[in-house]
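Survey of secondary and tertiary structure
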Amino acid sequence: MFGALKPLPADKILQLMQMYREDPREEKVDLGVGVYRNAEGVTPIMRAVKNAEKQLWEMETTKAYTGLVGDAGYHKAMTDLVLADSVDRARIAAAHTPGGTGAIRQSLELIQMAAPEARVFVSSPTWPNHLSILKHLKVPFTEYRYFDDESRAVDFDGMMADLEQVKPGDVVLLHGCCHNPTGANLNPVQWQQVGDLLLEKQAMPFIDIAYQGFGDGLEKDAAGVRHLAGRVPEMLIAASCSKNFGIYRERTGIVLAIAPDEKTRDVTQGSLAHLNRQNFSFPPDHGARLVTMVLETPALKADWMDELEDVRLGMLDLREQLAGTLQQMTGSDRFSFIKEHRGMFSRLGATPEQVQAMRESHGIYMVGDSRINIAGLNRDTVPILAEAIVKAGV
Ligand code: LMR
């Protein structure tokens, strides 16, 4: 049977992780996978998470199953974090999923169950796994322009022109903040215009929010999602706790589905429970329990917010350093977009050949589309990257 299997293309981000591991050079720089690292190159366990973990170890008395869609406390804490009071809670169905990827997968399966003919519009470019899951599930999709290669900013006119093609019942996948892979984001006015268009076209927004708190802060990063949630009759949100709680391997995510009314919400909730049961039964509990404890305990929450803010400001500082060094080296402002981008990533706009040249000459690993993980840098490696960029002629 297995002889019938065909080799599949490797995930580019995971493939790059492997290449980096196998490179024997000591001075190599990993700007590939989206994992936060501090100045020492470590992905720390956040203080509040570690404290919650200690308390949980003392308190936890059973490892019996939780609910099929996870814990109500987790749903509430995450709804507060992502949506605040933007929408009536009675309209929200929720399901805890293994990571943000699990939330995307469950959301797409829900779309497939409800409207198999619906097309999903995705930004070009987007996180490669979006496309991969869409193809795997055979969900019809089409791309909309998003990034202007010249200015390295959002190509908003192109985006709106392409979204004119959206039909009633179609789905538009948007990154809530910190767009992956470009780092270029919609401003508040643009979010409003996208909202107007979706309402006019009767299309449903589907928001992937995996970096809340990494861009302009917890509240501002959720402003676009909340704006749409307050206006549209239906919406899907896939949120991840991997990055902002630093619990990557705990696989902690959530689907929030906003239904037009309570009756529809109840059926949607049942469908999400059904999908969890079919795909993996009960979600992994540990990460969600830590998140709930952190968000519900004022001292832990305050400490988490402080640490998250330090992480965010550290990345902004690295952006300033990189843009400043490039400005000095080139005598031009053409890299100032690095300061405008937000989140972990920036797309530099280098060709695949230039990306390869930087890897060979300076041991710098970035994704083939020239996405860099800002958090993979530190004071010492910023000048190395800047030199590589200039030498490669980006
Ligand atoms: C990334 O884009 O690097 C992260 O979201 C990690 C992953 O799973 O691809």
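All values reported here derive from a predicted model rather than from experimental measurement.

As for the pattern of salt bridges
Applying the stated rule across the entire model yields 21 salt bridges. Close ionic contact of Glu219 with Arg226 constitutes a salt bridge, the shortest N to O distance being 2.7 Å. Arg226 gets classed as buried once you look at its relative accessible area, which sits at 14%. Across the salt bridge formed by Arg265 and Asp266, the nearest N and O atoms sit 2.9 Å from each other. A relative accessible area of 47% means that Asp266 is categorised as partly exposed. Sharing partners across several salt bridges, the network here consists of Arg47, Asp303 and Glu307.

Here's the deal with the sheet that holds strand 8 (residues 204-209)
Ordered by their spatial adjacency, seven strands build an open sheet running 2-10-9-8-7-3-4, and the pairing between neighbours is mixed. Two strands lie at the open edges of the sheet, namely strand 2 (92-97) and strand 4 (141-145), each paired on one side alone. Here the average twist between neighbouring strands, direction ignored, is 20 degrees. In terms of strand pairing, strand 2 meets strand 10 (residues 253-258) through six bridges, oriented antiparallel. Each residue of the ladder has a partner; that of Ala94, found in strand 10, is Leu256. Most of the contacts of helix 5 (residues 128-137) go to strand 4, to which it runs at about 155 degrees, and overall it touches strand 3 (120-124), strand 4, strand 7 (171-175) and strand 8.

Some thoughts on the environment of Leu110
Here Leu110 is to be found in helix 4 (residues 99-114). Apart from residues no more than four positions distant in its own chain, Leu110 is found in contact with Leu236, Thr268, Ser271, Leu272 and Leu275.

As for the packing of helix 4 against helix 5
For the pair helix 4 and helix 5, interaxial distance at closest approach is 11 Å and the crossing angle is 40 degrees. Taken together, the axes of helix 4 and helix 5 are oblique relative to one another. Handedness of the crossing formed by helix 4 with helix 5: right-handed. Judged by residue contacts, Thr101, Ile104, Arg105, Leu108, Glu109 and Gln112 of helix 4 engage Asn129, His130, Ile133, Leu134, His136 and Leu137 from helix 5. Tallied by class, the residues present in the contact of helix 4 with helix 5 amount to five nonpolar, five polar and two charged.

Side note on a nonpolar patch on the surface
On the surface, Met1, Phe2 and Leu5 cluster together to form a nonpolar patch covering roughly 470 Å² of accessible area. You can see Phe2 is positioned in the segment before helix 1 (12-22).

Description of a negative patch on the surface
A contiguous patch of negative charge on the surface is contributed by Asp88, Glu234, Asp261 and Glu262. Structurally, the position occupied by Asp88 is in the loop between helix 3 (72-83) and strand 2. The class for Asp88 is partly exposed, based on a relative accessible area of 46%.

With respect to the domain arrangement of the protein chain
Frequently, the measure chosen for interface size is the accessible area that the parts lose on association. Domain boundaries assigned for the protein chain yield domain 1 (10-45 + 301-391) and domain 2 (65-296). When each unit is reduced to the centre of its C-alpha atoms, the spacing between domain 1 and domain 2 is 26 Å. Listed per partner, the contact involves 25 residues of domain 1 and 31 residues of domain 2. Counting each side, the surface lost to burial between domain 1 and domain 2 is near 2300 Å², with a carbon and sulfur contribution of 61%. Contact with domain 2 buries surface across domain 1, with Trp304, Arg342 and Arg347 losing the most and accounting together for 28% of the total. At the junction of domain 1 and domain 2, the tally comes to one salt bridge. Across the salt bridge formed by Asp216 and Arg342, the nearest N and O atoms sit 2.9 Å from each other. Across the contact surface, domain 1 and domain 2 share 12 residue pairs in polar contact (both at pLDDT 80 or more).

Thresholds, definitions, all that
- All residue numbers refer to positions counted from 1 along the written sequence of the respective chain.
- Restriction of local features to residues with pLDDT of at least 70 applies here, the model being predicted, together with a cutoff of 80 or more for giving and counting side-chain atom pairs; totals for whole chains, interfaces and linings are based on all residues.
- Heavy atoms throughout the structure, all of them, feed into the side-chain values; hydrogens and water do not.
- Between Lys or Arg on one side and Asp or Glu on the other, a salt bridge is scored when a side-chain nitrogen of the former is within 4 Å of a carboxyl oxygen of the latter.
- Exposure is judged per residue with a 1.4 Å probe applied to protein chains only, and the accessible area is read against the type maximum: over 50% gives exposed, under 20% gives buried, and values in between give partly exposed.
- Criterion used throughout: strands pair if DSSP finds at least two bridges between them.
- Labels follow the DSSP assignment, with helices taken as runs of H or I lasting at least four residues and strands as runs of E lasting at least two, numbered in each case from the N terminus.
- Helix axes are fitted to C-alpha atoms over the stretch in contact, other axes to C-alpha atoms as well, and angles between N-to-C directions run from 0 to 180 degrees.
- Two residues form a contact once any of their heavy atoms are found within 4.5 Å.
- Any angle that is under 35 degrees is reported as roughly parallel, and any over 145 degrees as roughly antiparallel; angles of 65 to 115 degrees are reported as roughly perpendicular and all others as oblique.
- Handedness of a helix crossing follows the sense of rotation of the near helix relative to the far helix, less than a right angle counterclockwise being left-handed and clockwise being right-handed.
- For this scheme, ten residues count as nonpolar: Ala, Val, Leu, Ile, Met, Phe, Trp, Tyr, Cys and Pro. Four count as charged, namely Asp, Glu, Lys and Arg, and the remainder, Gly too, count as polar.
- Candidate patch residues must exceed 30% relative accessible area and have no salt bridge, after which like charges are joined if within 9 Å and Val, Leu, Ile, Met, Phe, Trp or Tyr side chains if within 5 Å.
- Only the protein chains shown count as cover for residues, with accessible areas throughout obtained via the Shrake-Rupley method and a probe of 1.4 Å.
- Counted as positive: Lys and Arg. Counted as negative: Asp and Glu. His and the chain ends are not counted at all.
- Charge placement uses NZ in Lys and CZ in Arg. For Asp and Glu, CG and CD serve respectively.
- Throughout, the edges of the domains are those of an automatic or database domain assignment.
- Computed with a 1.4 Å rolling probe, the buried area is the accessible surface lost when two parts are put together, summed over both parts.
- Residues adjacent in sequence count toward polar contacts only when both atoms are side-chain atoms; beyond that, a polar contact is any pair of N or O atoms within 3.5 Å, and within protein one must be able to donate a hydrogen and the other to accept it.

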